[in-house]
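# Architecture at a glance
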There are 2 protein chains.
Amino acid sequence: MAETSAGRPDATDYLIASKECEIQILEQLLRMGQLVVCISHLVHTLQRERGASNMYLGSRGERFGSELQTIRRDSDQHTEQFHQALAALNLRQNTVQAGSRLLNRIGYAVHILSDMERLRDEVGRQAIQAEAATRVYTELVQGLLAVVFEAADAAVDPDIARLLVAMFHFMQGKELTGQERAAGAAAFASGHGGGEVSPRIQHLIEAQERCFEVFAGFVDPASWAVWRQCQQDTGLIEVERLRRLLCTSNERTAFDPRLGQRWFEAMSGRIDTMQQVELCLAARLEVLCSGKLSAARDSLAQHCSVIDLLPRFQQGQDDAFVVFCSTRTTVEHELTGADCYHHLSPQLGRSLIELLQSQSCRLQQMQDELNNARAALEERKVVERAKGLLMTHRRLSEEEAHKLLRRTSMEQGRRQLDVARELIALAEMWT
Amino acid sequence: MAETSAGRPDATDYLIASKECEIQILEQLLRMGQLVVCISHLVHTLQRERGASNMYLGSRGERFGSELQTIRRDSDQHTEQFHQALAALNLRQNTVQAGSRLLNRIGYAVHILSDMERLRDEVGRQAIQAEAATRVYTELVQGLLAVVFEAADAAVDPDIARLLVAMFHFMQGKELTGQERAAGAAAFASGHGGGEVSPRIQHLIEAQERCFEVFAGFVDPASWAVWRQCQQDTGLIEVERLRRLLCTSNERTAFDPRLGQRWFEAMSGRIDTMQQVELCLAARLEVLCSGKLSAARDSLAQHCSVIDLLPRFQQGQDDAFVVFCSTRTTVEHELTGADCYHHLSPQLGRSLIELLQSQSCRLQQMQDELNNARAALEERKVVERAKGLLMTHRRLSEEEAHKLLRRTSMEQGRRQLDVARELIALAEMWT
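Residues numbered from 1 in each chain as written. Chains lettered and ligands numbered in written order. Predicted model: local features only at pLDDT ≥ 70, side-chain atom pairs only at ≥ 80, totals over all residues. Heavy atoms only, no water.

## Comments concerning the overall build of chain A
For clarity, the threshold we go by: In this description a helix means any DSSP run of H or I spanning at least four residues, a strand means any run of E spanning at least two, and both kinds are numbered starting from the N terminus. The cut-offs for exposure are 20% and 50% of the maximum accessible area for each residue type, with area from a 1.4 Å probe on protein chains only; residues under the lower value are buried, those over the upper are exposed, and the others partly exposed. By definition, residues are in contact when any of their heavy atoms lie within 4.5 Å. Using a 1.4 Å probe, the Shrake-Rupley method yields the accessible areas, and only the shown protein chains count as cover for residues.
When its secondary structure is counted, chain A shows 16 helices and two strands. The 431 residues of chain A split such that 56% are buried. Contacts in chain A between residues at least 24 apart in sequence constitute 78% of all its contacts with a sequence separation of at least 6. In the form shown here, chain A has an accessible surface area of approximately 18,300 Å², with 51% of it arising from carbon and sulfur atoms.

Shown next, in the form of C-alpha cells:
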C-alpha cells in the first residue's frame, strides 16, 4: 500500500489496497487452481493404481504385475507435480491466506502420501488383503478430494468458487465410479451374487448421480458439453448391462468367470472417458483465473489513473458545497438507509465517494454470488456429517444411513438438508 | 512454516502451519479489536461534537461555543488514536488478511474524517445549516460503524465474532439514541409538535430496541450486567417523560421553551451512561483476544512437543500394521463416511492422524459457531438492503420502508428476513 507525502495512508490508498487485495487473492487462486488440477491427475492415477493393485492381489500376483509398475511410475510423477504445485503456493509465506482448515487437509493428504512406498511394498509381497489395500488408496483419494473441497470453500471469487464446486463434485462422482468398479470386481471375482453387492452397487450409482447433479448446477457450458458427450459414449452400454447383472443378483446367482475382466475394462474405460471432463474443467479453471486476474489488474490501473486525475484534498479550500450523490448504494443503505449528502470538497468528494461506492457494491454482489456456491458445499457437509452421526451411533453402513435420512425426509416432506441439520442440532439428546 | 531436512514440508509442518495460521489471525484480531475500541471512543466524541455543533448553530453561536472547542480537542485526540490503531494493523503488509471490503470501508471513513476541518470551519462561521452539519457527522459515524461491521463479519474466531456482533449492535443502538436526541432537540427548538416528529421519534426508539435485542443475544454476562444497570438509571425517568411529550405531540402542541435544554441534557446523560457498556465490552474484547491468543500459543507448543516425540517416518520400516482409529471424525465423514482404517507406520500414523483429526474437528466446530454469529449480521444486511430498495424505488422514508416491511411480514405471518430476501431477489421484476 502506497503512502501519502504526510506518511499516513489516505482514502485513495485504502481504495487501491482494496483492489490490490483482490489481485493478490486471485494470484493465489490461480496457483490453487493449478494444485487442484494436479490433484485431479494424481487422483486419476491413484484410482488406476488402486484398480491394478486389486487385480494383482486378486490374481495372486499372476496378472497386472507389469501394468502396476507402469501405473506406479505415473503416480510418482503426478505426486511429484502435486508437491511442486504445493511449493508454488508458498504456504510458508501465505499461511493466513491459505487458512487453518486447508493447511490441515493438506497435512493429512501429505501424510498418507508419504506412506505409499510401504503399501506398495506389501502389495508387491502380497502381504496385504485386496480390501485393506483398497481402503488405504480410497482414504488417500478422499484426503486429496478434501483439499479440493476446502479450496472451493475458501475461494472468494464467485465464478472460480462455482467452477471449483463443480470440479469437486465431479471428482467425487468419478471416485464413486472407481469404488463401484472395485465393488463389482470383487463380486465378479467371488463368482456369485448376494451379500451386500446389489444394494452397495445401487447406492454407489445413486451417490454418483447426486454428485453429477450438483456438478451440472455449477459447471461451465464447454465442460458440460464434454460431459453430455461422455454420457452418450457407447461404452456405457456394456457398463449398464453389467450393472444390471450385479443389481439383480442374489445368493443363487453364479457369475460367468469372464465377467470380472469385462467389468473391469468397461468401468476403466468409463473412468478414462470421465477424465476428459476433468481436463476440460481444468482448462476452463486456468482460463477463468487468468482472465479474472488480468481484469483485476486492468481495474486497478484504471482506478489509479482516475485517482491521479483527482485533485488531492487541500485543507483550507473554501469553495465547499453540498454534493448530492444520486446513487443510493450499499455503503449507506446497508447500515442505515440514511440520506447521502456529502459536505465535502466537491471534486475529490464526489468522485472518490463514487469509486468507493462502486467498489463496495461490486464486493457485495460477489459476496451474494459466493454464498450461493458455498451453499452447495455446506449442504454436502451437513448431510455427510448427519450420516456420520447415524453410522457411529446407530452402527449403520453408509448406505443404510443414507437411506434412513432419505426416507425420513420423504416421509416428513422436508429437505434432506433440513432433516440433517436438525439431526446434528439434536445429536446431544440422543448420544 | 518449518521445513524437513529433505527440504519439502511434511505433514507435521502443515499441522504446525495450521496452528500458526490461527495464531497470526488472532494477533491481527487483537489489533483489530483495538481499532474497534478506538472507533467506539471516536464515535462517542463525534456524537458529542454533533450535538454541541447543533446547539451552537441553533443558538446562533450564543451558546456551546467553548464546550464545542473542548469536545473538538477530544475528537482530534481520538482521531489520532484511530489513525494509530490503523497504523498498528499494518494493512500494507496484511492486505489479504484485511480483505477488500474492510479496506474499502476504512477508505470511506478516512475520507470523510479528512474533511472535518472544513466542516468545523463552516460551523464556526455559521455558514452551514444545523441539519446539514448533522448529516455529515451522521455519515461519518455510519462510516466508522461500517468498519466495525466488517471487522465483526471478517472475524474468524466465533467468540470474538460474537462479541463484535454485540458491540456493533450496541454502537448502532447508541448512535440511534444520538439521532433521537437530535430529532427531539430540533422539535423542542421549533417550539411546537407536528410534522414528522412523533413518528420519527417512535421509529428511532423501536430501531434502538431492535439493536439492543441482537446485542442481548451475543453479549458477555459482565457487559450485560452493566447494561441492565444502565436500564435502571433514574435519568431514564426524565428521558421517558420527554419522549412521551414528543410522541403524543401534534401541530397544536406548544412546547415549553425550557424543554429543549432539559431534553438535550437528559439524552446526553443517557448516551454517556451507555458508553459505560461500551467500555465494558471493550475491556472484555481485550481480555478475550489476549486469552485466545495465549491459548493458541500454548496449543502450538503442546503440538510441537508431541510431534517431537513422534518418530519421524522412516522408509523401509517393516513392522507396519493396520491401525484402527476409533474416533470417526470429520476428515473422513464429511466427505464419505468411509471406514477409517489406517495402514500406516503405526506410531507416526496413529498419533499424527489423531492430531490432524482433532484439529480438523475443532476447526469445524469453530466454523459452526461462527455461522451463527454471522447470521445476525447477514440478517441486518438483508433487511437494510430491502429497506434501501423500497426507499429508492418507492421514494419512502426509512420509517415508511421499515413499516411496510414489518406490516407485510406480519400480514403474511413470515419472518422479516424472508420477506426482505424475496424482495431483493425479485427487485428486478419491479424496477
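## Overview of the packing of helix 1 (residues 11-58) of chain A against helix 2 (residues 65-89) of chain A
Residues and elements named next belong to chain A. Here is the rule we go by: Every axis corresponds to a line fitted to the C-alpha atoms, with the helix fit spanning only the stretch in contact, and the corresponding angles, defined between N-to-C directions, vary from 0 to 180 degrees. Any angle from 65 to 115 degrees is called roughly perpendicular, while one under 35 is roughly parallel, one over 145 is roughly antiparallel, and all others are oblique. The handedness criterion is simple: a crossing whose near helix is rotated anticlockwise from the far helix by less than a right angle is left-handed, and one whose near helix is rotated clockwise is right-handed. Polar here means any residue outside two lists: the nonpolar Ala, Val, Leu, Ile, Met, Phe, Trp, Tyr, Cys and Pro, and the charged Asp, Glu, Lys and Arg; Gly therefore counts as polar.
Where helix 1 meets helix 2, the axes come as close as 8 Å, and the angle between the chain directions of the two elements is 160 degrees. Between helix 1 and helix 2, the crossing angle belongs to the class labelled roughly antiparallel. Here helix 1 and helix 2 pass one another in a crossing that is left-handed. Of the residues assigned to the contact of helix 1 with helix 2, the class counts are 15 nonpolar, 10 polar and five charged.

## Section: the packing of aromatic side chains
For any pair of aromatic rings, geometry is given as the distance between the ring centres together with the angle between the planes. Residues and elements named next belong to chain A. Cut-off, in case you're wondering: Aromatic rings from Phe, Tyr and Trp, taking only the six-membered ring of Trp, are treated as a pair when their centres fall within 6.5 Å; an angle between ring planes under 30 degrees marks them as stacked, one over 60 as edge-to-face, and anything in between as tilted.
Within this structure, the stated rule accounts for 20 aromatic pairs over all chains. Judged by centre distance (5.3 Å) and plane angle (85 degrees), the ring pair of Phe 170 and Trp 227 falls under edge-to-face. Taken together, the residues span a long stretch of sequence, with Phe 170 in helix 7 (residues 158-190) and Trp 227 in helix 9 (residues 221-231) at a distance of 57 residues. Residue Phe 170 is classed as buried on the basis of its relative accessible area of 0%.

## Digging into the confidence of the model for chain A
The criterion, for reference: For every residue, the pLDDT score states the predictor's confidence, bounded by 0 at the bottom and 100 at the top.
Confidence in the prediction of chain A, expressed as mean pLDDT, is 83, and 87% of residues score 70 or more. The low-confidence segment residues 312-348 of chain A (pLDDT under 50) makes 114 contacts with residues lying over four places distant or belonging to another chain.

## Focus on the environment of B:His111
One can find B:His111 in helix 4 (residues 100-113). When the C-alpha atoms of B:His111 and B:Gly143 are compared, they prove to be 9.5 Å apart, with 32 residues separating the residues in sequence.

## Details of unusual backbone geometry
Look at A:Gln126: it is not a glycine, yet its phi comes out positive at around 50 degrees. Note on placement: A:Gln126 falls in the loop between helix 5 (116-124) and helix 6 (130-154). Accessibility expressed as a relative area gives 39% for A:Gln126, which makes it partly exposed. With a phi angle near 55 degrees, B:Arg60 is a residue other than glycine that sits in the positive phi range.

## Remarks on the pattern of salt bridges
All names here are of chain A. Note the cut-off: A carboxyl oxygen of Asp or Glu within 4 Å of a side-chain nitrogen of Lys or Arg is what we treat as a salt bridge.
One pass over the structure, following the stated rule, counts 60 salt bridges over all chains. A salt bridge links Glu 240 to Arg 243, with the nearest nitrogen and oxygen atoms 3.2 Å apart. Of this pair, Glu 240 and Arg 243 are both found in helix 10 (residues 235-247), three residues apart, which corresponds to roughly one turn of the helix. For Glu 240, a relative accessible area of 41% gives the class partly exposed. A single network of salt bridges, built from pairs that share partners, joins Arg 101, Arg 105, Glu 150, Asp 153 and Lys 381.

## With respect to the side chain of B:Arg270
Mapped onto the fold, B:Arg270 is located in helix 11 (residues 259-309). Look past the residues within four positions of B:Arg270 in its chain and what remains in contact with it is B:Thr177, B:Trp227, B:Cys230, B:Gln231, B:Leu236 and B:Val239.

## A look at the packing of helix 2 of chain A against helix 4 (residues 100-113) of chain A
Residue and element names in this part refer to chain A. Where helix 2 contacts helix 4, the axes come no closer than 12 Å and their chain directions differ by 150 degrees. Classified by the interaxial angle, the pair formed by helix 2 and helix 4 is roughly antiparallel. Crossing handedness for the pair helix 2 and helix 4: left-handed. Here Thr 79, Phe 82, His 83 and Leu 86 of helix 2 lie close against helix 4, whose contacting residues are Ile 106, Val 110 and Leu 113. Among the residues making up the contact of helix 2 with helix 4, the classes are represented as five nonpolar, two polar and no charged.

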